[in-house]
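Commentary on secondary and tertiary structure
The chain contents come next:
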Amino acid sequence: MELIERLKSIINDTVKAMDLLDTGYATVESVSPLTLKIQATQLIVTEPVAILTDNLQYRAVTVQGETVIINPGIKPGDKVLVLKANAGQNYIAMSKV
């Protein structure tokens, strides 16, 4: 019985280490270069591994001589939803949480 419990423990540890989730959360460590700290693994990823979607990028336009901020973008400390792609080779920040 002890052998079976030990095998179960090894299998559970292996599955956890595989990090099978495709989505998760991260904290923005810096914006330039983009650096994210993945919450589940505490892994730090930077550009080009970390990628921003358009809806998280700073965007401003000038209207009649005044600058209007359409999207303030992200800043250090923000929490973002990330999508893991290419078996963890890329992390795509989708939106703020």
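The preceding data block contains the structure.
My aim in this report is to walk through the structure given alongside it, one point at a time. Every value quoted in this text rests on a predicted model; they were computed, and no experiment measured them. (Residues numbered from 1 in each chain as written. Predicted model: local features only at pLDDT ≥ 70, side-chain atom pairs only at ≥ 80, totals over all residues. Heavy atoms only, no water.)

Core analysis: the largest hydrophobic core is formed by 13 residues, its most contacted members being Leu36, Val80 and Val82. Those elements giving two or more residues to this core turn out to be β1 (23–30), β2 (35–38), β7 (79–85) and β8 (90–96). (Core = buried A, V, L, I, M, F, W, Y, C linked by side-chain atoms within 4.5 Å. Buried < 20%, exposed > 50% of the residue type's maximum accessible area, 1.4 Å probe, protein only. Helix = DSSP H or I, 4+ residues; strand = E, 2+ residues; numbered from the N terminus.)

This brings us to the side chain of Asn71. Note that Asn71 resides in strand β6 (residues 66–71). Within the local environment of Asn71, its side chain forms a polar contact with the backbone oxygen of Asn55, the two atoms lying 2.7 Å apart. Not counting chain neighbours up to four residues away, the residues in contact with Asn71 comprise Asp54, Asn55, Leu56, Gln57, Tyr58 and Arg59. (Polar contact = N/O pair within 3.5 Å; in protein donor to acceptor, adjacent residues only side chain to side chain. Contact = heavy atoms within 4.5 Å.)

As a further point, take the side chain of Thr35. Tracing the sequence through the fold places Thr35 in strand β2. Setting aside chain neighbours within four positions, we find Thr35 in contact with Thr27, Val28, Glu29, Ser30, Ile44, Val45 and Thr46.

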